[in-house]
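Structure at a glance
The primary structure of each chain is shown beneath.
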Amino acid sequence: MVQDSEQRAPSVTPATPARVLLPSILPAVAVGVVSCLVLVGVSVAAEELQDLLWGPLPDALGIGRYSVAWMFVMLVATGAAVGLVVWKVPGHAGPDPATVGLDAPVLPPAVLPGLLLATALMLAGGPSLGPENPIIAVNVGLAVWLGGRALPRAPGRMWPALAEAATIGALFGTPVAAALVISEALAREETRGLLWDNLFPPLTAAAAGALTATLVEHPSFDLDLPSFGRPGWGDLSAALVVASAGALLGMGAVRSFPHVHGAFRRLRHPMLMLPAGGAVLGVLAALGGHLTLFKGLDEIAVLARDPEGRSAGEFAVLTVVKLAALVVAASCGFRGGRIFPAVFAGTALGLCAHALVSGVHPSVGVSAGALGMLLAITRQGWVSLFVAAVLVASPGVIALLCIASLPAWLLVTGRPQMQLRPDGTPVR
């Protein structure tokens, strides 16, 4: 009997001793600080260039800063500038960005300067992409190169995990987002030890990156929308409908992605693909206005500042144009990520729902719209919930989002992702 009960006893995962985890703290902190500084450095340089290109330069030329003509010229010129980098700079600014997600490949050091330059030009010039994917790739490459030299006996797979976590922590100003991304990644891998043992080094790096970002930049995602109290049944219904609508719209963009990418690939040369993409983006900017330019983080604050200031039709145009701009920018070769443009599209969708039905609270509409859109575009469940929740900074909305994520996830799971294999076929 004793032997049988011992055989039936559940197995206990052995914990990693503290003495094994302690040596990872200093490398993790170093990677966190350096990764954040790279992100901040590129962001500041891009902002300075953006201020010049979209301020004194058009003023000196006597052209409206956000006139249709100037937006078109700037987007085509940005395509030409990035195309020149991709064509001539060693390493060609990394692989085709349509084939890269948050889980970045380890790039040789010679590729990284070109990728940084292409990213800064893109951020300043107006295409609808964020900095996350290329900056993660740069930080992973730097961490593997420098970390391998400083600590050659450290496990090679440690450095990419630290750099990815540190960059995500710096991007969002909190290590929570990084912990959620890492947890999803660990669920797909065979790991040894307890979950928190595996999270300890990357979470340390994420905390160091987030703290550095807080000290240097003070990042915040709270849109300061009207306060949201205790949720009711109407709020739940609105969250379910808006999140599902966001997921469906996002999946429409995902479905079009390989076709748009294939069309640009037929041009073959970066000096044709990227200026052509810039021209299409210029046409879209003429339709949607200057708020549909850039990564979208500052622009969603403008939308949220006056939820009543636009009609449902205007918000719908912003949603569709931003999604189209995201697909084009990610397809033609611009180096950038898709999270922040997707947040803009989801925010515009949520405010469109509020404009259509006044009973839809702006905070519920925005958070649910961003949730559904992010689920479709990123296929990262925890990150989608996190970003949607921090947009409104209201505890009452979290339960609504958790429930609304369920039907939205059913709509996107098993479907193609907004990422392609090298042969151009979608990743599922």
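All of these numbers come straight from a predicted model, not from anything done at the bench. (Residues numbered from 1 in each chain as written. Predicted model: local features only at pLDDT ≥ 70, side-chain atom pairs only at ≥ 80, totals over all residues. Heavy atoms only, no water.)

Time to look at the overall build of the chain. Secondary structure summary: the chain contains 18 helices and zero strands in total. By its C-alpha atoms, the chain is 85 × 55 × 40 Å across when sized along the principal axes. Relative to its 428 residues, the chain shows a buried fraction of 53%. Sequence-distant contacts, at least 24 apart, represent 78% of the contacts inside the chain between residues at least 6 apart. Working note: accessible area of the chain is about 18,700 Å², and carbon and sulfur atoms make up 66% of it. Charged side chains of the chain number 24 positive and 24 negative; the gap between the two group centres comes to 10 Å. (Helix = DSSP H or I, 4+ residues; strand = E, 2+ residues; numbered from the N terminus. Buried < 20%, exposed > 50% of the residue type's maximum accessible area, 1.4 Å probe, protein only. Contact = heavy atoms within 4.5 Å. Areas by Shrake-Rupley, 256 points an atom, 1.4 Å probe, with all protein chains shown as cover. Lys, Arg positive; Asp, Glu negative; His and termini not counted. Charge placed at Lys NZ, Arg CZ, Asp CG, Glu CD.)

A word on the packing of aromatic side chains. Counted under the stated rule, the structure contains four aromatic pairs. Centroid distance tryptophan 54 to phenylalanine 294: 5.4 Å. Interplanar angle 75 degrees. Geometry classified as edge-to-face. Here the residue tryptophan 54 occupies a position in the loop between helix H3 (25-53) and helix H4 (56-61), and phenylalanine 294 occupies one in the loop between helix H12 (270-288) and helix H13 (297-305), the gap between them amounting to 240 residues. Judged by its relative accessible area of 3%, tryptophan 54 falls in the buried class. (Phe/Tyr/Trp six-rings, centres within 6.5 Å; stacked < 30°, edge-to-face > 60°.)

This part is about the nonpolar core. With 132 residues, the main nonpolar core has Phe172, Phe334 and Ile377 as its most contacted residues. Counting residues per element, this core draws most heavily on helix H14 (residues 312-332), which supplies twelve residues. In contact with isoleucine 377, other than residues within four places in its own chain, are Gly250, Ala253, Val254, Leu323, Leu326, Arg338, Ala342 and Met418. (Core = buried A, V, L, I, M, F, W, Y, C linked by side-chain atoms within 4.5 Å.)

The subject of this paragraph is a positive patch on the surface. Among the surface-exposed residues, Arg255, Arg415, Arg421 and Arg428 lie close enough to one another that they form a single positively charged patch. Among the structural elements, arginine 415 can be located in the segment after helix H18 (396-412). (Patch = residues over 30% accessible without salt bridge, like charges linked within 9 Å, V, L, I, M, F, W, Y side chains within 5 Å. Salt bridge = Lys/Arg side-chain N within 4 Å of Asp/Glu carboxyl O.)

Negative charge collects at one region of the surface, where Glu47, Glu48, Asp51, Glu217 and Asp298 lie side by side. For the negative patch, the element with the most residues is H3, which contributes three residues. Positionally, glutamate 47 belongs in helix H3. Take glutamate 47: its relative accessible area is 41%, and that puts it in the partly exposed class.

Between two packed helices, what matters for the description is the angle formed by their axes and the separation of those axes. Relative to each other, helix H11 (residues 233-265) and helix H16 (residues 362-378) sit at 35 degrees, their axes nearing to 7 Å. Seen along the crossing, H11 lies across H16 with a hand that is right-handed. Judged by residue contacts, Asp235, Ala238, Ala239, Val242, Ala243, Gly246, Ala247, Leu249, Gly250, Met251, Ala253 and Val254 of H11 engage Val364, Gly365, Ala368, Gly369, Leu371, Gly372, Met373, Ala376 and Ile377 from H16. Taken together, the residues that form the contact of H11 with H16 break down as 15 nonpolar, five polar and one charged. (Axes fitted to C-alpha atoms, helices over the stretch in contact; angles between N-to-C directions. Left-handed = near helix turned anticlockwise from the far one by under 90°. Nonpolar A, V, L, I, M, F, W, Y, C, P; charged D, E, K, R; others polar.)

It is the contact of helix H5 (residues 68-88) with H12, at a shortest axis distance of 7 Å, that shows an interaxial angle of 160 degrees. Judged by the angle between their axes, H5 and H12 are roughly antiparallel. Judged by the sense of rotation from one axis to the other, the crossing of H5 with H12 is right-handed. On H12, the residues touching Val68, Met71, Phe72, Leu75, Val76, Gly79, Ala80, Val82, Gly83, Leu84, Val86 and Trp87 of H5 are Pro270, Met271, Leu274, Pro275, Gly278, Ala279, Leu281, Gly282, Val283, Ala285 and Ala286. Within the contact of H5 with H12, the residues separate by chemical class into 19 nonpolar, four polar and no charged. (Parallel < 35°, antiparallel > 145°, perpendicular 65-115°, else oblique.)

The next subject is a nonpolar patch on the surface. Judged by side-chain polarity, Leu37, Leu211, Leu215 and Val216 come together as a nonpolar surface patch covering roughly 410 Å² of accessible area. With three residues, helix H10 (residues 195-216) is the largest single contributor of residues to the nonpolar patch. One can find leucine 211 in helix H10. For leucine 211, a relative accessible area of 52% puts it in the exposed group.

Bringing the pattern of salt bridges into the picture now. Enumeration according to the criterion identifies two salt bridges in this entry. Arginine 265 is paired through a salt bridge with aspartate 96; the nearest N and O atoms lie 3.8 Å apart. Note that arginine 265 is positioned in helix H11 and aspartate 96 in the loop between H5 and helix H6 (112-125), a separation of 169 residues in sequence. What makes arginine 265 partly exposed here is its relative accessible area of 29%. Using a relative accessible area of 19% as the deciding quantity, one classes aspartate 96 as buried.

If you trace the backbone, threonine 174 turns up in the loop between helix H8 (158-172) and helix H9 (175-187). Its relative accessible area of 18% is what places threonine 174 among the buried residues. Of note is the side chain of threonine 174, whose polar atom sits 3.2 Å from the backbone nitrogen of valine 176. Excluding residues within four positions of it along the chain, threonine 174 makes contact with Ile168, Gly169, Ala210 and Phe386. (Polar contact = N/O pair within 3.5 Å; in protein donor to acceptor, adjacent residues only side chain to side chain.)

This part is about H8. In this model H8 runs 22 Å from its N-terminal to its C-terminal C-alpha over 15 residues, within 8% of the 21 Å that 1.5 Å per residue would give. Burial of H8 is extensive: 14 of the 15 residues sit out of reach of the surface. Just downstream of H8, glycine 173 is the residue with a positive phi angle, here 70 degrees. (Expected span 1.5 Å × (residues − 1).)

Here we come to the side chain of aspartate 96. A distance of 2.7 Å separates a polar atom in the side chain of aspartate 96 from a polar atom in the side chain of histidine 261. The residues contacting aspartate 96, other than those within four sequence positions of it, are His261 and Arg265.

Here we take up helix H15 (residues 339-356). When the terminal C-alpha atoms of H15 are compared, their 26 Å separation across 18 residues agrees well with the 26 Å that a helix rising 1.5 Å per residue should span. The buried fraction of H15 amounts to 16 of the 18 residues, a majority that puts the element mostly inside the structure.

This part covers unusual backbone geometry. Phi is mostly negative for residues that are not glycine, and the peptide bonds are mostly trans. Positive phi outside glycine occurs at arginine 268, with the angle close to 70 degrees. On the basis of relative accessible area, arginine 268 is assigned to the exposed category, the value being 74%. Positive phi outside glycine occurs at phenylalanine 294, with the angle close to 65 degrees.

Keep in mind these values describe shape, not function.
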